[in-house]
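Survey of secondary and tertiary structure
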Amino acid sequence: MTHTIKIKKGLDIRLAGVASPTVDTLPASKVYALVPEHFVGMTPKVIVKEGDKVKCGSPLFVNKHYPDVRFASPVSGTVVSVVRGERRKVLRVEVEADAQQEAERFDTINLATATGNDVCQLLKEGGIFGYLNQLPYAISATPDQMPKGIFVSALQDKPLAADFEIQLQGNEEAFQAGLTALSKIAPVCLGIGAKQQASALTEAKDVETYIFDGPCPAGNVGVQINHINPVNKGETVWTADGMTVIYIGRLVLTGKVDLRLRVAVAGSEVHHPCYVDTVIGQPLADILHDRLKDHDHQRIINGNPLTGTLATIDDYLGTHSTEVTVIPEGDNRHEILGWALPRMKEYSVNRSYFSWLAPRKKGYKLDARIKGGERHMIMSGEYDRVLPMDIYGEFLIKAIIADDIDKMEQLGIYEIAPEDFALCEFVDSSKLPLQHIVRRGLDMLRKENA
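For the structure given in this document, a descriptive report is provided here. Remember, predicted model here, so these are calculated numbers, not experimental data.

Conventions and cut-offs
- Residues numbered from 1 in each chain as written.
- Predicted model: local features only at pLDDT ≥ 70, side-chain atom pairs only at ≥ 80, totals over all residues.
- Heavy atoms only, no water.
- Helix = DSSP H or I, 4+ residues; strand = E, 2+ residues; numbered from the N terminus.
- Buried < 20%, exposed > 50% of the residue type's maximum accessible area, 1.4 Å probe, protein only.
- Disulfide = S-S within 2.5 Å.
- Salt bridge = Lys/Arg side-chain N within 4 Å of Asp/Glu carboxyl O.
- Pairing = 2+ DSSP bridges.
- Axes fitted to C-alpha atoms, helices over the stretch in contact; angles between N-to-C directions.
- 1 Å grid on protein atoms, 1.4 Å probe; cavity = no way out; pocket = protein on both sides within 12 Å on 5 of 7 lines; lining within 4 Å.
- Points joined across faces, edges and corners; volume = space filled by probe spheres on them.
- Nonpolar A, V, L, I, M, F, W, Y, C, P; charged D, E, K, R; others polar.
- Parallel < 35°, antiparallel > 145°, perpendicular 65-115°, else oblique.
- Contact = heavy atoms within 4.5 Å.
- Expected span 1.5 Å × (residues − 1).
- Polar contact = N/O pair within 3.5 Å; in protein donor to acceptor, adjacent residues only side chain to side chain.

Geometrically, the link from Leu135 to Pro136 is a cis peptide bond, its omega value of 5 degrees lying close to zero. Considering the arrangement of structural elements, one finds Pro136 in the loop between β10 (133-135) and β11 (139-140). Residue Pro217 is bonded to the preceding Cys216 through a cis peptide linkage, with omega at 15 degrees. With respect to the element layout, Pro217 can be found in the loop between β14 (208-213) and α5 (221-228). One non-glycine residue, Leu160, lies in positive phi territory at about 65 degrees. With a relative accessible area of 6%, Leu160 lands in the buried category.

A covalent bond between the sulfur atoms of two cysteines is what we call a disulfide. Taken as a whole and assessed by the stated rule, the structure comprises zero disulfides. Cys120 carries a free sulfur, and the closest cysteine sulfur to it, the one in Cys189, is 17 Å from it. Here Cys216 stays free of any disulfide, with the sulfur of Cys424 as its closest cysteine sulfur at 11 Å.

Summed over the entire model, instances satisfying the criterion amount to 18 salt bridges. Asp258 is the partner of Arg260 in a salt bridge, and the nearest nitrogen-oxygen pair spans 2.7 Å. Using a relative accessible area of 19% as the deciding quantity, one classes Asp258 as buried. The partner of Asp403 in a salt bridge is Arg440, with the nearest N and O atoms 3.0 Å apart. Residue Asp403 is found in the loop between α9 (393-401) and α10 (405-410), and its partner Arg440 is found in helix α12 (residues 434-449); the two are separated by 37 residues along the sequence.

Here the focus is the environment of Glu86. Checked against the element boundaries, Glu86 lands in the loop between β8 (77-84) and β9 (90-97). The exposure class assigned to Glu86 is exposed, which follows from its relative accessible area of 73%. In sequence terms Glu86 and Glu165 are 79 residues apart; their C-alpha atoms lie 41 Å from each other.

As a further point, take the sheet that holds strand β18 (residues 298-302). Pairing is mixed in the open sheet, where six strands are placed in the order β2-β17-β16-β20-β18-β19. The sheet terminates laterally at β2 (23-25) and β19 (309-311), the two strands that pair on one side only. Along the sheet, successive strands turn relative to each other by an average axial angle of 30 degrees, direction set aside.

Turning next to the layout of surface pockets. The volume enclosed by the second largest pocket comes to roughly 1000 Å³. Forming the walls of the second largest pocket are 31 residues, and the residues nearest its centre are Asp12, Leu155, Gln156, Asp157 and Lys195. Elements with a contribution of two residues or more to the lining of the second largest pocket: α2 (164-168) and β14. Considering only residue class, the lining of the second largest pocket consists of 16 nonpolar, five polar and ten charged.

Here Gly372 shows up in the loop between β20 (323-328) and α8 (382-386). Under the relative-accessibility criterion, Gly372 is labelled partly exposed at 40%. Distance in space between the C-alpha atoms of Gly372 and Ser430 is 8.8 Å, their sequence separation being 58 residues.

We now examine the packing of helix α1 (residues 116-126) against helix α6 (residues 242-254). For the pair α1 and α6, the least separation of the axes is 11 Å and the interaxial angle reads 100 degrees. Classified by the interaxial angle, the pair formed by α1 and α6 is roughly perpendicular. From α1, Leu122, Leu123 and Gly126 reach across to α6, where they touch Ile248, Leu251 and Val252. Of the residues assigned to the contact of α1 with α6, the class counts are five nonpolar, one polar and no charged.

In a regular helix each residue adds 1.5 Å, so 13 residues correspond to 18 Å; α6 covers 18 Å between its end C-alpha atoms and thus fits that length. In terms of burial, α6 is largely enclosed, as eleven of its 13 residues are buried. Listed in full, the buried residues belonging to α6 are Gly242, Met243, Thr244, Val245, Ile246, Tyr247, Ile248, Gly249, Arg250, Leu251 and Val252. In this fold, the buried residues of α6 make contact with α1, β12 (149-153), α2, α3 (172-183), β15 (237-241) and β16 (260-266). Of the residues that open α6, the one with a side-chain oxygen 3.3 Å from the backbone nitrogen of Met243 is Asp241. One or two residues past the end of α6 sits Gly255, with phi positive at roughly 75 degrees.

Such coordinate-based values are descriptive only and should not be taken to indicate function.
So this is what it looks like as structure tokens:
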């Protein structure tokens, strides 16, 4: 059964540098890396050492609190480095790839007769269980509590985000197998966009399909859950993006871990934005080779401009990143009169510039400047205009800043993830780091409830 949900609140930011549907194939890199920090809320325990030989699917580290939850190597080869930071924090595990790739073999399961426990066990053994996320707390999923439902969002509508229908090409069978496998654990709700036409999405089996029609952040799985079945205290739901479902389906069908994906290389600082076929953990230097425009004032983002993480050319593709974006840093711009000029080419949400007279204009070249310092928080209703959730966003942020746990719970913190406040952060005239504030609040609450 298919349901349609209309989203009215939100904001589509039309940036320059959207990836064209052409696809390039990258040459294999020498070294790949898996970064524990990409699995939020997980404390890693490294189980390999330098010089160890691993296959694709071999565990590099495990969740310290749930040792049966493994995290698989994206390639076969030799462990060349376990990089640590302050207080011996594990930053990444680097693997030098073999010329001929070899994969671990796992026992496949019969989806017609398999149980939820069978699926969970295969995902844990294959090292991709941790790619699932859970609410509350917006962390990597843990196997200690089964979810009341699993929510999959196939709609990626943030600025410069990859088009999942392009990523889905050639992976339709694996996507359906992943959905069927997840349905053995709990009922699955699939969120798709009104303009998505791929039959693998519109005719998906073993799921309840919801069509979300509206602006960003309609693709946020937290927004979709809020409209379908909100999370209450004491309840758990699991969430997954489309690529995670494909990884699960590949493992179920072949008994092998296959972490290949199609990534959008986008942004106004990229020559000929397009898609590339790559593997999780590939160096950004190889992905961006010969693609950047020639100047130093650029910001590389592992992900999209709203929710991605600041990166350098020496970093590696994130485990949940479906795009690598590059925009101007803006630190070399010096403007006379600043905001007072009547600009036509600058983007503004609140009509500070005359560009609002061309509402359908595309191709804004926004940079990374905040354009002002942090100020006192003003209850202006700015968040409500772009936050399509049944919560009071401004009051919730104030409760988190004040460390008021009771108020946080009353105002719906169990339903949200940091990405749900990404647009609020973009329009916030107080210049507050809202995603960081939400993350701190969730971590505080998780510690208190442990």
